[in-house]
Amino acid sequence: MRQYTDREKGILGKIVCNQCGRELQLENGLVQEGVYVGDVQWGYFSRHDGERHRFDLCEECYERLISSFRIPVEKEDETELL
Ligand SMILES: [Zn+2]
């Protein structure tokens, strides 16, 4: 869950993990730790047609979520770090 101090400029004031409710560390509007951003626009054949769902997960909650997967996530090494 995100709160913006300036929504038009996209400046973050607060980011909270939707799963555990922990507030993630921000510095000058930039997240200082790992965060998973869920963002889906549901389409015609879904039960949520016309809805967009967004959420944020801290790294611990993300790891808990993917550890419950029957098929593991696909991993790739990113060679270019920005
Ligand atoms: Zn969490």
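Here's what I pulled together on the structure shown here. Just so it is clear, the model here is predicted, and its values are computed rather than measured.

Digging into the coordination of the zinc ion
Phase 1 of the analysis: Looking at the metal site, the zinc ion is ligated by Cys17 (SG), Cys20 (SG), Cys58 (SG) and Cys61 (SG), spaced 2.3 to 2.4 Å from it.
Phase 2 of the analysis: Around the zinc ion, the four donor atoms are arranged such that angles at the metal cover 104 to 115°; this shape is classified as tetrahedral.
Phase 3 of the analysis: By relative accessible area, cysteine 58 is classed as buried at 1%.

Observations regarding unusual backbone geometry
Peptide bonds are trans in most cases, and residues, glycine excluded, mostly fall at negative phi.
Phase 1 of the analysis: Positive phi, normally seen in glycine, also occurs at asparagine 28, with a value near 50°.
Phase 2 of the analysis: Its place among the elements puts asparagine 28 in the loop between strand E3 (26-27) and strand E4 (30-31).

Observations regarding the layout of surface pockets
Phase 1 of the analysis: What the largest pocket holds in volume is close to 150 Å³.
Phase 2 of the analysis: Lining the largest pocket we find Met1, Arg2, Tyr4, Arg7, Val37, Asp39, Arg54, Phe55 and Asp56.
Phase 3 of the analysis: Secondary-structure elements contributing two or more residues to the lining of the largest pocket are strand E1 (2-6), strand E5 (35-41) and strand E6 (52-58).
Phase 4 of the analysis: It is E6 that contributes the most residues to the lining of the largest pocket, three residues altogether.
Phase 5 of the analysis: In terms of residue class, the lining of the largest pocket is made up of four nonpolar, no polar and five charged.

Let's talk about the pattern of salt bridges
Phase 1 of the analysis: Counted by the stated rule, this structure contains four salt bridges.
Phase 2 of the analysis: Arginine 2 is paired through a salt bridge with aspartate 56; the nearest N and O atoms lie 2.9 Å apart. With a gap of 54 residues between them, arginine 2 in strand E1 and aspartate 56 in strand E6 connect regions that are remote in the sequence.
Phase 3 of the analysis: With a shortest N-O distance of 2.7 Å, aspartate 39 and arginine 52 are connected by a salt bridge. Remark: arginine 52 occurs in strand E6 and aspartate 39 occurs in strand E5; sequence separation between them is 13 residues.
Phase 4 of the analysis: The exposure class assigned to aspartate 39 is partly exposed, which follows from its relative accessible area of 41%.
Phase 5 of the analysis: Judged by relative accessible area, which is 44%, arginine 52 ranks as partly exposed.

Rules of the game
The written sequence of each chain sets the order in which its residues are numbered from 1. Confidence filtering applies because this is a predicted model: local features only for residues at pLDDT of at least 70, side-chain atom pairs given and counted only at 80 or more, and all residues used for totals across whole chains, interfaces and linings. Values shown for side chains rest on all heavy atoms present in the structure; no hydrogens or waters enter the calculation. Donor criterion used throughout: N, O or S atom within 2.8 Å of the metal, extended to 3.2 Å for Na, K and Ca. Water excluded; incomplete-looking sites may result. By the criteria applied here, four donors are tetrahedral when all angles lie between 85 and 135 degrees, four are square planar and six octahedral when opposite donors are over 155 degrees apart and every other angle lies between 65 and 115, and any other arrangement is irregular. Only protein chains enter the accessibility calculation, which uses a 1.4 Å probe; a residue is then buried when its area is under 20% of its type maximum, exposed when over 50%, and partly exposed in between. Counting from the N terminus, the helices are DSSP H or I runs at least four residues long and the strands are E runs at least two residues long. Lining residues are defined by having an atom within 4 Å of a point belonging to a cavity or pocket. Those points lie on a 1 Å grid over the protein atoms alone, cavities being sets where a 1.4 Å probe fits but cannot get out and pockets being open sets with protein on both sides within 12 Å along at least five of seven lines. Grid points are joined across faces, edges and corners, and a volume is the space filled by probe spheres set on the points. Only Asp, Glu, Lys and Arg are considered charged in this grouping, and only Ala, Val, Leu, Ile, Met, Phe, Trp, Tyr, Cys and Pro are considered nonpolar; every other residue, Gly among them, is considered polar. For this document, the term salt bridge refers to a Lys or Arg side-chain nitrogen within 4 Å of an Asp or Glu carboxyl oxygen.

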